[in-house]
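Commentary on secondary and tertiary structure
Letter by letter, the chains look like this.
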Amino acid sequence: MDASPARAPRKVTRAPRKVTRAPRGVAGAAALVCCAALAAGCTSATPARQSSPKTTQPAVPMAASDLQSQYLKVIKEALPSVVQIQTSNELGSGVVYDGKGHIVTNAHVVGAEKTFKVTTANSEEPFTASLVYSYPEQDLAVVKLDKVPAGLRPAVFGNSEKVEVGQIVLAMGSPLGLSSSVTEGIVSATGRTVSETSTDGGTGATIANMVQTSAAVNPGNSGGALVDLAGQVIGIPTLAATDPGLGSSAAGIGFAIPASTVRTIAGQIVKKGKVVDSGRAALGITARTVVDDSYRPAGVAVVEVKSGGAADRAGMRPGDIITGLGDHPITTLTSLSEALAADRPGQRTSVTFQRNGGTKTVQVTLGEQ
């Protein structure tokens, strides 16, 4: 479905901006201390008479030491798989996909360019790389190093379907040009459907099943790695939410494309040179948002119907105003895109629309975008 500009109900901004490249350096990870457990250890009263006072320290410092050791282990294992990608005027991050030099990143990081400079974790000098394929619809792209350096370490991609809210994660990338930086947080939510803005250089994509995290996602983090404590990449940091009141990034609200989607899209690009099976449902229409007499979004007007597409087979035609898809009310193109993102090609659902002052509901078998 061709998308006309629409106001997204959830404003997000792409992470990378124009930045000045900074010297490479590795940020240390801070240990977390369980203050609640420490306080609990101080609530018991010590007996007045005690023949052999115990001097054993509470177990909390050991627990903190164990957590710090795990952080350091994960960083040592996963950070070498994260690279810095530089275009003519942008800078972002990427993740080594395999030992052949393929690197997966965001489509908005590569933009319209075909060649790049890539700095790996084991090199101070950048390598050249070329674009294999960019897929803006899912904001993913794959580039390939022209020469594969010795010691290039592919990342291990985890099962994003097993990600749980509250899970500790580390975001790795090059925020503000600070290469090999690490921030920590938790998984705040899963299954988010988020629409990018296209006004600041984003692709305008609507992406389903994103992982929301409190780990800092700053300009330059896009295309990097969101890693669990097993050292596996569970997502590609892509977006930071925008506070509509301030117009700036909302701290602690970032979104990552899940590893399952990354493997599906990047795997096709590596094997086929392009995406041959998007897995994204479509109605087969060109449309635009319409407003009511109070200038409030009131639905999506069909401008053009693709011959043989889902809408065409269901008897829809130009001029119909879509107001519902399945159980989802539709008021804007973005809400329609988000509803379709939750469905699959071949799925049967209903479309409610207005025609000539009346309301109709038809059953459609969704096509593929």
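Located above this text is the structure these notes cover.
Residues numbered from 1 in each chain as written. Predicted model: local features only at pLDDT ≥ 70, side-chain atom pairs only at ≥ 80, totals over all residues. Heavy atoms only, no water.

1. Points about the pattern of salt bridges
Note that side chains of opposite charge can pair when their charged atoms are close. Scanning all chains against the criterion turns up 2 salt bridges. Between Asp 292 and Arg 296 there is a salt bridge; the shortest N-O distance is 3.4 Å. Residues Asp 320 and Arg 355 are paired through a salt bridge, measuring 2.8 Å at the closest nitrogen-oxygen approach. A residue pair is termed long-range when its members are at least 10 positions apart, and Asp 320 in the loop between α5 (310–313) and β17 (321–325) and Arg 355 in strand β19 (residues 348–355) qualify at 35 residues. (Salt bridge = Lys/Arg side-chain N within 4 Å of Asp/Glu carboxyl O. Helix = DSSP H or I, 4+ residues; strand = E, 2+ residues; numbered from the N terminus.)

2. Examining unusual backbone geometry
Its identity as a non-glycine residue notwithstanding, Asp 139 has a phi of 50 degrees, on the positive side. Relative to the assigned elements, Asp 139 resides in the loop between β6 (127–135) and β7 (140–145). Overall, Asp 139 belongs to the buried group, its relative accessible area being 0%. Its identity as a non-glycine residue notwithstanding, Ser 180 has a phi of 55 degrees, on the positive side. Residue classification places Ser 180 among the buried positions, given a relative accessible area of 10%. (Buried < 20%, exposed > 50% of the residue type's maximum accessible area, 1.4 Å probe, protein only.)

3. Quick look at helix α4 (residues 259–272)
The α-helix advances 3.6 residues per turn, and as a result positions three or four apart in sequence lie on the same side. In this model α4 runs 19 Å from its N-terminal to its C-terminal C-alpha over 14 residues, within 8% of the 20 Å that 1.5 Å per residue would give. If you check which residues of α4 are buried, you get Ala 259, Thr 261, Val 262, Ile 265, Ala 266, Gly 267, Gln 268 and Ile 269. Within two residues after α4, Gly 273 carries a phi angle of roughly 85 degrees, on the positive side. (Expected span 1.5 Å × (residues − 1).)

Honestly, it's all geometry; don't read function into it.
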